[in-house]
Each structure stands twice: as structure tokens, then as C-alpha cells.
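# Topology and contacts: notes
Here are the chains, one letter per residue:
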2 protein chains.
Amino acid sequence: MDIEEFRKAGYRAVDRICDYYASLSERPVLAQVKPGYLTSALPHEAPQKGESMDVIANDFQTLILPGITHWQHPSFFAYFPSNATFPGMLADIYASSVTNPGFNWMCSPACTELESVVMDWAANLLGLSSSFHVASGVGGGAIQSSASDSALVAVIAARARFLIAHPDVPAEKLVIYLSTQTHSLGTKTAAILNIPFRALPVMPEDAFSLRGDRLRDAYEEDRNAGKWPFVLIATVGSTSSGAVDALEELGPITKDFPDFWLHVDAAWAGVSFSCPEYREQGRLKEINAFADSCCVNFHKWGLVNFDASTLWLRDRRHLTEALDVSPYYLRNKHSDEGTLQFRDNFSSDFPSRLQFFYYILELIGTVIDYRHWQVALGRRFRSIKLWFVLRSYGVEGFQNHIRKCVRLGTLFHDLLSTSSIFEVVTPRSLALTVFRLIIPDAGADASSPPPASLARPIDLQTLNELNMELHHRLTEGSGPGGEDDKLFLTRTDLNGKVCIRLVVGAERTQEEHVQRAFDILCKVGKVLLNDVTPIREP
Amino acid sequence: MDIEEFRKAGYRAVDRICDYYASLSERPVLAQVKPGYLTSALPHEAPQKGESMDVIANDFQTLILPGITHWQHPSFFAYFPSNATFPGMLADIYASSVTNPGFNWMCSPACTELESVVMDWAANLLGLSSSFHVASGVGGGAIQSSASDSALVAVIAARARFLIAHPDVPAEKLVIYLSTQTHSLGTKTAAILNIPFRALPVMPEDAFSLRGDRLRDAYEEDRNAGKWPFVLIATVGSTSSGAVDALEELGPITKDFPDFWLHVDAAWAGVSFSCPEYREQGRLKEINAFADSCCVNFHKWGLVNFDASTLWLRDRRHLTEALDVSPYYLRNKHSDEGTLQFRDNFSSDFPSRLQFFYYILELIGTVIDYRHWQVALGRRFRSIKLWFVLRSYGVEGFQNHIRKCVRLGTLFHDLLSTSSIFEVVTPRSLALTVFRLIIPDAGADASSPPPASLARPIDLQTLNELNMELHHRLTEGSGPGGEDDKLFLTRTDLNGKVCIRLVVGAERTQEEHVQRAFDILCKVGKVLLNDVTPIREP
């Protein structure tokens, strides 16, 4: 493929993306395919002879697009958002054109330096303390692929700090603390590192946020049993219900425990800190005061194409010293009799005095080698996405997006609160509402809805089955309007209560989409309630 | 930014990429900037108001491009290649337009299914045994971000298999085996997992490949000391010299050890298996017979833009069961009194009967949920790059690229072999030659070069300093021709011997670029030898 063929194919790709976004709202949100649809449509081997890009690109349209669930759809309210934006796509194009593995400064100086700069831009945008800025020379941030990667490396840093401070503690005595609402990243980190975890319980009356006394009690119990809890993965904006752990209680307590690390996972909610009015409910002040590390996923609600999980550390050396394998060689007693050199794709070799000069700068903490901040050696040029997005939207544009979503999420919450057949299960968290279908008082109808508190008591199991059935009808389009009544939402379970979540986050979502979602819910819900009359009239 | 603004900016991006590639060979390979160049050129905060994409894209041209080291340059011979191709870039554009986190089938069915299909295409291309194919229902592959990620998850799977088979072995008795030539991914995996490693020695007379007796001796010694080696990370094509470990010896030995895992890192050399004539030297037959897992980076020499590290496993369940945290919850004794649910962004909730059907398929092994194959939950749509590249080049085009690079690497090797001032240090490995400057016999000149074996013996330290100086002059352009004599190569150290590496791998490299590199080496090398006359005439 020569340059002119690429130009033609590139223009066509841009045109097709334009067509895609122009037609997006008319597509169904959820891919309308069955498992195996693509596997059976494709040959078992690559072709012997090269094919033309026209043919390949047409297959993208006819084979791939039908199997895509449209996360950018204005009626996408499931999971959490995963924003893609035009500036983010353009950044990806430019980054892709200068592909390089970016493992050290020399590899491509722009990659390292831009990442340091935009991580400070992002810290500023969110109001993170200057301790977390790269420019502080002590703290700093890096872009990871996901909140799971961020949590993993944060716990590795925490473990290194703890074991260095407590060389006599056997590693098998370590325990990771989570709450029962922590995302799977907590248990996955524990599984990867083969360290036991303890999931601290949370209560509905605390809106599922972790309280300080739970932490203190567990810690005392574990210490008495000879165990060493060394890190808490706290959450600001939990996956199930958007709960915010009580950092104002947890933070000071963590400081009472020796070398105990506080990691705050604000993957979804963290971008709301761009608006000062949401900082208090998200406990930004406490993050700034107490967190050792903090993660925010700009690739969720933050307008940056997946992947861009920003991780900040208060003292970056805990991480870089844990993951820099050159001193690790020196520490390890198993390095055998052979000549053991440091083979980091030569990143430790200094091909020139310039790079040696750079190495000195690194030692004194004025520059960064991002290979020591992550699992992999090589890395993609991701900072350019953050740079393009923050410049193209500006702080104000970014804030407008967040505020619009919270406003629409509030609209949905308020609509739902007026309904007699639904109840809001936990307090609205930003743009997320968690609710369930209930069986209203027998006399109730839409024209005179009774307050939710009058809803007839009914056993939990029945309500759970009812909500599972509602969710099924919405997803499958088996409501009265068929396909028109399809709605892709996520189900969750809060201490045994089956609920449904609706979160606003897509860039193109407007009031009409939220209103339509509410209307469908009411319509399908009412038909379902009629279908289960035997329950209603015992 | 609306659709028409995106179209305009997209066309412009494509045009600029075309300009970039048209002018690439006239640019210097190495970025001509000093540390801090970009940091000092950019503001400390994101702008309040959004900026136009014209301004942003212009800054890419004027600020970013000068700080890029051009890995696609036809004269890039350093490290290992990191190919970017037009089909790969186009795939990235399309993938970026439908951004989604792809953590399960429902998320976007096309992402999961295409990955399964192209992993089998790639396995077929490389001649991997059908045991490694997804279609086998037992083995299979996934795209990871890097060879370090691949090694990490392979060792996690190995650890899980071993500890399940040996529940009485304490985890702190485990040992990871590497060789002294294993890439830093080995020691980094050990650092992450906090498991000791032992780096087995390799010898120059074996061309730095790991031999079987070293493994057997170490294993016996460690077992006698009560330790449990459970995995060997072997290498096909080492970073320093392209060495291939003696899998024909190692493979059978690993089968003598209980539940011992063989991971083969063929990150660079693996793509050469696409050509049948390179399979024997790369020990493909032994990989197929003995390896439990195997990694090949298509993003190095394999024409796919970073990142695309393909990892295959002979039995995928060892990995998916180790990283699926739902059973982990059940196994863990620390899950406390609270209601602990599985919160994997709801990926375990089945929003519909369709997804439940899919879950059943997964249980019986006919479909894949890639979130259990990696550290992160979310993942990018990377399979499309592999799909576009393999279709656009076809098997023949892919083979032509590999063969051309080996031919040019051989050309360089043969040119160097005729020179009196250089010696080849290890046997050429595919397109990689490792060499050093030597001090020829006093009477030698270019017109009557003596064989390298006649080179005057000189102490190692002096030769090492000479080669470091040569490398410095090449990198800095301080040879006789100044900037014209710049050459970006990587230095390495083989059991104490400082060497220089030249590897051919860029798509645009032609004979003239290799010839020019050789000419520069001769010119700068001769001047350097003249400068050190005191050494030559004691």
C-alpha cells in the first residue's frame, strides 16, 4: 500500500466515521447478533495474496459494525460510559502514524515529556494537590491502560514500601483491604499478587459506603491474628451504586497504621472533580490529604478514547523503585554465577552522553522514565489523546459535558421519583440512579400515584424475580412495543436486592433520550405488573 | 467539534501522515531535542476555552514531531523494529471510532469474535500446533499489550497450575527460572509477583543459548535446598544477540519436573516462523512439542502497529481460572461476614437470556471472555489491526517483508565480515548482527584486509572503551562527516564484551540504507582507530 493508496483509504475511513456518527442514533444500542456470528462468517486462515483495502474496509462495514454495541449511542445508559470523541480519534490517528514503544526518553522524547505535562494538566483540572504533580519532583502521574492496572501497580508500590519498612514481616502475612463494593480490580489484584484480601462490609444505611469503624475493627482483629493489612483500596463512585467511601473517617485512621497505603479508585466519578461543586461529595479534600495514590479513568466519562487511566502517586519512588528491575537484580540472591546484565531492551545503556545526562536528571528526580511506572516495558503514545481532548474542549467544555450529564441524570432520577411503580434504591450519585420496580398499592394508577412508602410489602425474592424479568424484557425488546421498547441497562445486586442502574455519560445524550428511557421503563414495567396480577391480588 | 469539522480535520491528518512518510527518509532518525524541550514549551495548565483543531494539529507538527525518534525510518537499525504500516493505521482509525472496553462478548461481540479468529490466523501463519488454536477448545490465544504482560500472565497461570497440584508447597518456596540473556520481562515478572528468580548462565561457546544441563543441574540443586522451580522463561531470539535457547534439550527436561511450565518468549524472532525456512533455527517443532505458552510480538517486526503481543496457551483454562475472580471469591477465606458479590462491571450479570446462553457456551469452552486472559478488565479493539494487516499483505506479502529483512541483514553481515576493523561477535541471527570494532594488524589497510583471526590481541578493557567511543561518535555525529555520519545503533554487553548491534526490520529499508550504514561504520571506525594510534603502536 503506497502513500496515495493510503490517502484514498484514509479519506474513506474518515468519511465512513462521519456516516457512522450521523446515523448513530438510528441504530439499536445493542449489537443484534448471536454468539458465533462472526466466527462462522470468516475464513479459517489469512489469505495467501494481499487484498485491496476497499474489500477489507467494506468487510468492516458489513461484518464488524453489526457486531458492535454502540457505546457512543445517545441512549447508551448501561455499565459506565466509555466516551469516544472526535479530538480523541484524531489524536489516535496522529499517534498511530509515529508508532514507537516509548519505553524511555530516547525512544521518542515527545512521548515522555507530553505525558508529564498533561498529567499535571489533568491534576490541575481535577484540583488534585500539588503533591501529586510531576512538577513536584516527588509525586507524579502516568497513564495506565485501566483502573485494574492502576490498582495493581499501586498495590505493588504499597507492598514494596511496607516490606522495606518491615523486613521481618513474612510476605505471606500481608492482607489487602477492600470493601464488598470494590470493583473486581481489587480481587484481581489480590489474585495476581497471590495476597489474601479482606472485603470489609458496607451497609445500606450508609448508602453502601465504607465507614471508619469497619476498618479499625478489622485491622485490630487481623493484627491480633498476626496478619499485616498494608493497603486499602477505597472507592469514590462504586460500580454498583456510585457509593463514596467515608474518606473523612478512613483517611485519618490509615495514618494510625504503620506504613499503610491508601489507594483511591475514582475511576468513574473522578472526572467530576473538574467541576468544583462536585468535589466535596467526592471527598477530594480527603484524597488530597490522605491518599497515597489515586486513579481516574478519563476513558470512561472523561471524553478520552479508551484507554487512558490516569494514576497519581504522592511519592512516585515507591513505584519506580519497586518496578525498576536493575536494582532488583542487585537485591536478588538467585542471580547465579553467570554474568548477569541488565537487559531492558538496552534502555539502561546510554548510547550517548546526552542520554547519560538524561540519566543524571532522572536520578535527581527532574525527569521521568515511564517504563518503571507500569507492568510493560513498551507503551503507546496515549498522552496525545488527553492533550487533544483537553485543548479542544478546554476546561469549560469539559465541565459542560460533566454538568450536562449530571443534569440529565438528575432529570431521570426526578422523573422516577414521581412514579408509583419504581423506587430509587440508593441516593443518586452524580449521573447514576439505582432503582427497582415495586408493586404499588392496589388502588394506585398513573393519575394518582401513592408515595413509594405506601407500596405494599412484598417478599424480596418476588421483587427480585420481577426486576430480573423487567430487565430481560427491556434487553430483549419483549415489551408491548417490541423493538421500540428495547433499553440496554445494567442490572446489579445491592446486599441481595436486585436493582437496575441508569447512568448518563455519552456525549450525544440529550433530554429526549432520557425521557424516552423513562417512558419505556414505565410502559414495560406496567405491562409486567399486569402480567403478574396473581401476585398483586392474593 | 461537529461531524463536518471532524471530516476536515481527519482529511488533514491523513494528508499530514502522507507528507510525513514522503519526507521520512530525509529526516534524522533520532529526535534532535534536549531533555526538557517540550516541558518548557508548553503551558502548565489546560486552556479554559477550547482551541481549534487547526491550532492543535499545527502544534503536533511543530512541537511533537521534532521530539519523535523515527522508528519507521529506513535507516532505523536500533533496538528491535517497531513497525507501523498503513493498514495498521487504518485499522486504528476504525477501532478508535467504535471505542468500547470490550471486556465481555456483550460489550461488543465483534471484538471478542474477531480476536479469536485472527489469533487462529496468526497461529496458522506461524505454523503453531493446532493445540494452540482457539478452535481446539482447550488451547488458544489473546492479544496482550506487550511481551512483559504476556510473560506475567503466563507465569500467573503456571503458578496457579503448580499450587493447585501441590497444595502443600508454600508459595515462598517457588522460584522462576530465566537465563542471563532473558529480557527484563523475566525479572519484572519476578518483581511484580514477589517470587525469587534464578538466572541460569549461558556461554559464548553456545552462542549465548541456554543448554539443558544448566537447567537440570539448577533444578536438582534447588530441589535439594527445598525450593520449587515451577516455570522457565526461555527465549527464541534474545534481545542482545538473537540467541535461541536449546529447546530440543530444555523441552524434554521440563517434562521430567512435576507441573513445570515452559514459557517461550519469541517476541522478536517469532514472526520469522511465517517463512518455513526459519522454523528449524527458531525451534518451532520444539515449541509445538513442549511449550505451555508462547509469545510473539507482531508489533515488533510483524507489520502491526504497537501494541499487539500475541500470547498462546496450550491449555487456556490455567490462565482463565487463575484470573477469573468469581471463583476466587469463593476460594478466599477472607471474604468476611458482609454480603460479597461479584462486581466485575456486571460482566457476570446476564442482562438477557441471550447472554445466559453465551455463558453456557463459555462454560463448555466454545466461546471466550477475554477479560479472564489479562490483568485489566477493559481492553482495546486490537484484533482489527492484525486482521487488516494480514489481509492487506496476505501471507505472501508478510513473508516477503521478513525475507527482505533477513536478506538485508545478511548483506550487512557479509559486508562486515570482509572488513579488517570489525569482527562479528555472535553468529548472525535472522536480520540481527552483533559486532565490534577491533584493532587490525598494523600492516592492514582497506585494500588488503587480513582475516579477523589475525587481529592483534588487545586487552578487553581497551576494546570495550574503543567500542563505547565508536558508539558515541555514531550517535552524536562527531565522526569526520559530522551530521552525515550519524547512525543510531544500540550497544550491548555480552558476558563483558561491549558490542554494537544492527538489526534490519523497517518496512522501507532497502539495500542502499544498509550499504550506507556500513560505509559510515567503516569511515568513523577508521578515523577512531587513527585517533588511538598510541594504542596501536606501543
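Cut-offs and rules
- Residues numbered from 1 in each chain as written.
- Chains lettered and ligands numbered in written order.
- Predicted model: local features only at pLDDT ≥ 70, side-chain atom pairs only at ≥ 80, totals over all residues.
- Heavy atoms only, no water.
- UniProt positions renumbered as here; feature names shortened; annotations may be inferred.
- Helix = DSSP H or I, 4+ residues; strand = E, 2+ residues; numbered from the N terminus.
- Buried < 20%, exposed > 50% of the residue type's maximum accessible area, 1.4 Å probe, protein only.
- Contact = heavy atoms within 4.5 Å.
- 1 Å grid on protein atoms, 1.4 Å probe; cavity = no way out; pocket = protein on both sides within 12 Å on 5 of 7 lines; lining within 4 Å.
- Points joined across faces, edges and corners; volume = space filled by probe spheres on them.
- Nonpolar A, V, L, I, M, F, W, Y, C, P; charged D, E, K, R; others polar.
- Phe/Tyr/Trp six-rings, centres within 6.5 Å; stacked < 30°, edge-to-face > 60°.
- Lys NZ or Arg CZ within 6 Å of the ring centre and 35° of its normal.
- Axes fitted to C-alpha atoms, helices over the stretch in contact; angles between N-to-C directions.
- Parallel < 35°, antiparallel > 145°, perpendicular 65-115°, else oblique.
- Left-handed = near helix turned anticlockwise from the far one by under 90°.
- Pairing = 2+ DSSP bridges.
- Salt bridge = Lys/Arg side-chain N within 4 Å of Asp/Glu carboxyl O.
- Core = buried A, V, L, I, M, F, W, Y, C linked by side-chain atoms within 4.5 Å.
- Least-squares fit on C-alpha atoms with pLDDT ≥ 70 in both.
- Buried area = accessible area lost by both parts, 1.4 Å probe.

### Quick notes on the UniProt feature "modified residue: N6-(pyridoxal phosphate)lysine" (unreviewed entry) in chain A
Residues and elements named next belong to chain A. As annotated in UniProt, the feature "modified residue: N6-(pyridoxal phosphate)lysine" (unreviewed entry) corresponds to Lys-300 in the numbering used here. Mapped onto the fold, Lys-300 is located in the loop between β6 (293-297) and β7 (309-313). For Lys-300, a relative accessible area of 13% translates into the label buried. When near neighbours in sequence (up to four residues on either side) are disregarded, Lys-300 contacts Phe-80, Pro-81, Ser-82, Asn-83, Ala-267 and Trp-268.

### Here's the deal with empty space enclosed by the protein
Tallied over the entire structure, the rule returns 11 cavities of 30 Å³ or more. In this model, the largest cavity occupies a volume close to 320 Å³. Lining the largest cavity we find 24 residues, and of these Ser-145 and Asp-149 of chain A together with Ser-145, Asp-149 and Arg-382 of chain B sit closest to its centre. Per-class residue counts for the lining of the largest cavity are six nonpolar, eight polar and 10 charged.

### Notes on the packing of aromatic side chains
The geometry of an aromatic ring pair is captured by two quantities: the separation of the ring centres and the angle between the planes. Across all of its chains, the model carries 49 aromatic pairs over all chains by this definition. A centroid spacing of 5.3 Å and a plane angle of 70° characterise the contact between Tyr-21 of chain A and Phe-86 of chain A, whose relative ring orientation is edge-to-face. In this pair, Tyr-21 of chain A is assigned in helix α1 (residues 3-23) and Phe-86 of chain A in helix α3 (residues 86-97), connecting sequence segments 65 residues apart. You'll find Tyr-21 of chain A and Phe-86 of chain A in the same group, each marked buried. Among the aromatic residues, those joined into a cluster by ring pairs are Trp-71, Phe-76, Tyr-79 and Phe-488 of chain A together with Phe-103 of chain B. Geometry around Phe-80 of chain A places Arg-501 of chain A over its ring, the cationic atom sitting 4.9 Å from the centre. For the cation-ring pair, Arg-508 of chain A lies above Phe-86 of chain A, with the distance from its terminal atom to the ring centre recorded as 5.5 Å.

### Side note on the packing of α1 of chain A against helix α1 (residues 3-23) of chain B
Running from N to C, α1 of chain A and α1 of chain B cross one another at 160°; their axes reach a closest spacing of 9 Å. Judged by the inter-axis angle, α1 of chain A sits roughly antiparallel to α1 of chain B. As α1 of chain A runs across α1 of chain B, the sense of the crossing is right-handed. Here α1 of chain A contributes Ile-3, Phe-6, Arg-7, Gly-10, Tyr-11, Val-14, Asp-15, Ile-17, Cys-18, Tyr-21 and Ala-22 of chain A to the contact with α1 of chain B, which in turn contributes Ile-3, Phe-6, Arg-7, Gly-10, Tyr-11, Val-14, Asp-15, Ile-17, Cys-18, Tyr-21 and Ala-22 of chain B. For the contact of α1 of chain A with α1 of chain B, the class distribution of residues is 16 nonpolar, two polar and four charged.

### Some remarks on the sheet that holds strand β3 (residues 197-200) of chain A
All names here are of chain A. The mixed open sheet is built from seven strands, whose spatial order is β1-β7-β6-β5-β4-β2-β3. Edge positions in the sheet fall to β1 (140-144) and β3, since each of these pairs with one other strand and no more. On average, each strand axis in the sheet is inclined to that of its neighbour by 20°, with strand direction left out of account. The pairing of β1 with β7 spans five bridges and is antiparallel. Directly across from Gly-140, in β7, lies its bridge partner Leu-313. Seen against the sheet, helix α6 (residues 184-193) touches β2 (174-179), β3, β4 (228-235) and β5 (261-265) and runs at an angle of roughly 165° to β2.

### Side note on the pattern of salt bridges
A complete count under the given rule lists 57 salt bridges over all chains for this structure. Here Arg-7 of chain B makes a salt bridge to Asp-15 of chain A, at a shortest N to O gap of 2.9 Å. Of this pair, Arg-7 of chain B sits in helix α1 while Asp-15 of chain A sits in helix α1, which puts the two residues in different chains. Arg-211 of chain A serves as the salt-bridge partner of Glu-249 of chain A, at 2.8 Å between the closest nitrogen and oxygen. On the criterion of sequence distance, the pair formed by Glu-249 of chain A in helix α8 (residues 247-254) and Arg-211 of chain A in the loop between β3 and α7 (212-224) is long-range, its members being 38 residues apart. Judged by its relative accessible area of 30%, Arg-211 of chain A falls in the partly exposed class. It is possible to trace a salt-bridge network through shared partners that takes in Asp-92, Asp-307, Arg-380, Arg-382 and Lys-385 of chain A.

### A look at the packing of α3 of chain A against α1 of chain B
The geometry of α3 of chain A relative to α1 of chain B is characterised by a closest axis approach of 10 Å and an angle of 5° between their N-to-C directions. In this view, α3 of chain A runs roughly parallel relative to α1 of chain B, as classed from their interaxial angle. Each of Phe-86, Met-89, Leu-90, Ile-93, Tyr-94 and Ser-97 of chain A in α3 of chain A lies in contact with α1 of chain B, whose residues at this interface are Ile-3, Phe-6, Ala-9, Gly-10, Arg-12, Ala-13, Arg-16, Ile-17, Tyr-20 and Tyr-21 of chain B. Split into classes, the residues belonging to the contact of α3 of chain A with α1 of chain B amount to 12 nonpolar, two polar and two charged.

### Brief notes about the nonpolar core
Grouped together as the largest cluster of nonpolar side chains are 378 residues, with contacts concentrated most on Phe-298 of chain A together with Phe-298 of chain B. For Phe-298 of chain A, the contacting residues outside a window of four places in its chain are Ala-122, Leu-125, Leu-126, Val-271, Leu-303, Val-304, Ala-308, Thr-310, Trp-312, Leu-386 and Phe-398 of chain A.

### Re the relation of the copies chain B and chain A
Mapping chain B onto chain A calls for a screw motion: a turn of 180° about the axis and a shift of 0.0 Å along it, with 0.0 Å RMSD after fitting. Taken together, the turn and the small shift mark the pair as related by a two-fold rotation axis. Taken as a fraction of all interface residues of chain B, those also at the interface in chain A reach 100%, which identifies the copy contact as same-surface.

### Examining the interface of chain B and chain A
Taken together, the contact pairs 179 residues of chain B with 180 residues of chain A. Taken over both partners, the interface formed by chain B and chain A buries close to 15,900 Å², and the fraction arising from carbon and sulfur atoms is 64%. Here chain B and chain A share eight salt bridges between them. Of the charged contacts in the structure, one is a salt bridge between Glu-51 of chain B and Arg-391 of chain A, with a shortest N-O distance of 2.7 Å. With 16 residues, α1 of chain B is the single largest residue contributor to the side of chain B that touches chain A. Of the residues that constitute the side of chain B that touches chain A, the class distribution is 92 nonpolar, 51 polar and 36 charged.

### Details of unusual backbone geometry
Cis geometry is adopted by the peptide bond preceding Asp-307 of chain A, which originates at Phe-306 of chain A and carries an omega value of 10°. Within the secondary structure, Asp-307 of chain A sits in the loop between β6 and β7. Residue Asn-194 of chain B is not a glycine yet carries a positive backbone phi of 55°. Examined against the element boundaries, Asn-194 of chain B turns out to sit in the loop between α6 (184-193) and β3 (197-200). Classification of Asn-194 of chain B by relative accessible area gives partly exposed; the value is 35%.

### So, the sheet that holds strand β9 (residues 432-437) of chain B
All names here are of chain B. Spatial ordering of the open sheet is given by β8-β9-β11-β10, a layout of four strands whose pairing is antiparallel. If you trace the sheet from one side to the other, it starts and ends with β8 (422-424) and β10 (490-494), each paired once. For this sheet, the mean inter-axis angle between neighbouring strands, taken without regard to orientation, is 40°. Contacting β8, β9 and β11 (497-503), helix α13 (residues 383-417) runs over the sheet at an angle of about 25° to β9. Each of β8, β9 and β11 is contacted by helix α15 (residues 511-531), which is oriented at about 15° to β9, the strand it contacts most.

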